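Listed below, chain by chain, are the residues.
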Amino acid sequence: MTRLVADGSIGIVRSAMAGDRAAFEALVHSYGKDVLRVCFSVLGDLDAAKDAAQTTWIQAWRRLPKLQDDTRFRSWLLAVAANEARQSARSSARRSVRESRIQADHYQSDEVTSIDAVRLETSLARMRVGDRELLALRYVAGLTSPEIAALRGISAAGVRGRLSRIVAQLRKDLVDG
Amino acid sequence: MDDERFEADLQAALRHRAIAADSLMDADAILDAVEKSRHRRMRPMLGLLAIPLLLGAIVGVSALANWAHTVPALSVSGGALAAQSCGSGAWPSTPVNCSAAEAAVSWGSASIERTRVWLTSLSAVKAAFNPPQQVNEPPPSTAVWVFVYDGRWTCCIVGQPDGTVSGPSDHSRWLYVVDAVEQGYGFINIVDWSGRPVPDQMPPP
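What counts, and at which threshold
Residues numbered from 1 in each chain as written. Chains lettered and ligands numbered in written order. Predicted model: local features only at pLDDT ≥ 70, side-chain atom pairs only at ≥ 80, totals over all residues. Helix = DSSP H or I, 4+ residues; strand = E, 2+ residues; numbered from the N terminus. Buried ≥ 20, exposed ≤ 12 C-beta atoms within 10 Å, placed from the backbone. Contact = placed C-beta atoms within 7 Å. Core = buried A, V, L, I, M, F, W, Y, C linked by C-beta atoms within 7 Å. Axes fitted to C-alpha atoms, helices over the stretch in contact; angles between N-to-C directions. Left-handed = near helix turned anticlockwise from the far one by under 90°. Nonpolar A, V, L, I, M, F, W, Y, C, P; charged D, E, K, R; others polar. pLDDT = per-residue confidence, 0-100. Parallel < 35°, antiparallel > 145°, perpendicular 65-115°, else oblique. Expected span 1.5 Å × (residues − 1). Arc of directions from axis to C-beta.

This next bit is on the overall build of chain B. Each helix and strand in chain B was counted, giving 6 helices and 8 strands. In sequence order, chain B lays out its α and β elements as α-α-α-α-β-α-β-α-β-β-β-β-β-β. Each of the 205 residues in chain B was classed as buried or not, and the buried ones make up 30%. Across chain B, contacts joining residues at least 24 apart in sequence account for 66% of those joining residues at least 6 apart.

And the structure:
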């Protein structure tokens, strides 16, 4: 197979949309970690995140030819990832707070913020999966409220309002509590 | 801590937490899963092939064995002139019809002034256009839809017949080839054809 596409260009998305498997492979390499991060952020479980990420790419390959705007590939892909993770979370048993504390040990060694990793993990585990999905798209994937609104078919004001309530609750749990 | 500071800290904490998933990245496993899924989706179509057998249809075993990469024989012999669109052509039945093949890709902001479409074989496309191989290709005998578009299209990096690459650039003519047998994921090739001749006829598959 000869690769005749450039990584990171819109051309690569168009080539993948046209069925070019080399281009699709380049997209997997470019966005694979973003997809995993979103899935993990929603699920809070590494194994489940890996499965959801794999399903995301299968869905992406099937649906790519129907993508309306190739310049929005990343936000579209991460919305697919969040959706797959949400469905996975709803079909699996809810993790216990105790399990989530164990998971927190994986990343609390490097202090990057004033937020306590274990308390954050506990709060996230108590949260509704839809709220974790919103946090993942906004703060992990870095999508704007209008982008999330367009992908979810709701208003940007609705997204901002819901995020505001989620952040306020987290602040209450992590700072004020 | 003010709201802005908390939000910034929360974002940093969530991103730091998410990085834990980076170690799971395995592109080969993902591509393998995609490929397996693709083959699973083909099974129902292959299963339908058993129906003519059960009904005692007049289809020989050898014809069935070849079905995966053939289409029913065309009634025309020799070369076929291009149709101006999918709707204007008289096509034999194929697993991937002309309209579905054409709709498999969006040309975005391209302006299309003229379309020529044939149903032919991949080997005929190779002989007439000599396009470079850009993706894994099916056997030369595979039936394919060939679209030649004239107009304006600014696209990505594309392969040239001499094996070099160019782009992104403006194109006035481009070639699009789609597998007429394999649903959705067939061989598709896009190559710049600006200023190059287009054959009058293409042989049937």
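Attention shifts here to the overall build of chain A. Helix and strand counts for chain A come out as 9 helices and 0 strands. Starting at the N terminus, the α and β elements of chain A follow one another as α-α-α-α-α-α-α-α-α. Within chain A, buried positions represent 44% of all 177 residues. The long-range fraction of contacts in chain A, counting pairs at least 24 apart against all pairs at least 6 apart in sequence, stands at 61%.

Core analysis: the largest hydrophobic core is formed by 58 residues, its most contacted members being Val 38, Cys 39 and Leu 78 of chain A. Residues in contact with Cys 39 of chain A, not counting those within four places in the same chain, are Ala 49, Ala 52, Ala 53, Thr 56, Ala 81, Glu 84 and Ala 85 of chain A together with Ala 21 of chain B. If you look at the next biggest cluster of nonpolar residues, it comprises 28 residues, including Val 96, Ala 143, Phe 147 and Tyr 176 of chain B.

Before going further, it helps to spend a moment on the packing of helix 6 (residues 117–126) of chain A against helix 9 (residues 156–176) of chain A. All names here are of chain A. Put simply, helix 6 and helix 9 touch, their axes get as near as 10 Å, and they point 145 degrees apart. Once helix 6 is placed against helix 9, the crossing between them reads as right-handed. Taking contact as the criterion, the partners of Arg 119, Leu 120 and Ser 123 in helix 6 are, on helix 9, Leu 170, Asp 173 and Leu 174. Of the residues contributing to the contact of helix 6 with helix 9, the split by class is 3 nonpolar, 1 polar and 2 charged.

Moving on: the confidence of the model for chain B. All names here are of chain B. The predicted model of chain B has a mean per-residue pLDDT of 73, with 63% of residues at 70 or higher. Within chain B, the element-level pLDDT minimum falls on helix 4 (residues 61–66), averaging 36, and the maximum on strand 2 (residues 111–121), averaging 90. Counting interchain partners and residues more than four positions distant, the pLDDT-below-50 stretch residues 44–49 has 4 contacts. With pLDDT under 50 throughout, residues 51–78 is counted as low confidence; its partners more than four residues away or in other chains account for 23 contacts. Two numbers describe this predicted complex: its pTM, 0.55, and its ipTM, 0.83.

It is worth spelling out the packing of helix 2 (residues 21–43) of chain A against helix 3 (residues 46–63) of chain A at this point. All names here are of chain A. At a closest axis distance of 8 Å, the pairing of helix 2 and helix 3 adopts a crossing angle of 135 degrees. Looking at the two axes, helix 2 sits oblique to helix 3. Crossing angle aside, the handedness with which helix 2 passes helix 3 is right-handed. When helix 2 is examined against helix 3, the residues Phe 24, Val 28, Val 35, Leu 36, Cys 39, Phe 40 and Leu 43 are found in contact with a partner set consisting of Leu 46, Ala 48, Ala 49, Ala 52, Ala 53, Thr 56, Trp 57 and Trp 61. Classifying every residue of the contact of helix 2 with helix 3 by side-chain character gives 14 nonpolar, 1 polar and no charged.

The next point concerns the environment of Thr 154 of chain B. Position of Thr 154 of chain B among the secondary structure elements: in strand 3 (residues 143–155). Note: C-alpha distance between Thr 154 of chain B and His 171 of chain B (17 residues apart in sequence) is 6.0 Å.

Looking now at helix 1 (residues 3–18) of chain B. Relative to the 22 Å expected for 16 residues at 1.5 Å per residue, helix 1 of chain B spans 22 Å between its end C-alpha atoms, a close match to the ideal helical length. Within helix 1 of chain B the residues assigned to the buried category are Leu 10, Ala 13, Leu 14, Arg 17 and Ala 18 of chain B. Taken down its axis, helix 1 of chain B places every buried residue within 130 degrees of arc, on the same side. Among the exposed residues of helix 1 of chain B, those oriented more than 90 degrees off its buried face are Glu 4 and Arg 5 of chain B. Taken together, the buried residues of helix 1 of chain B touch helix 2, helix 6, helix 7 (129–140) and helix 9 of chain A.

This part covers the confidence of the model for chain A. All names here are of chain A. A residue-level look at chain A finds 81% of positions with pLDDT of 70 or above and a mean pLDDT of 80. Here helix 5 (residues 97–104) stands out as the element of chain A with the lowest mean pLDDT, 38, in contrast to helix 7, whose mean of 93 is the highest. Overall, residues 1–8 carries pLDDT values under 50, and its contacts beyond four positions in sequence, including any with other chains, amount to 28 contacts. Scored below 50 in pLDDT, residues 93–110 makes 25 contacts in the model with residues more than four places away or belonging to other chains.

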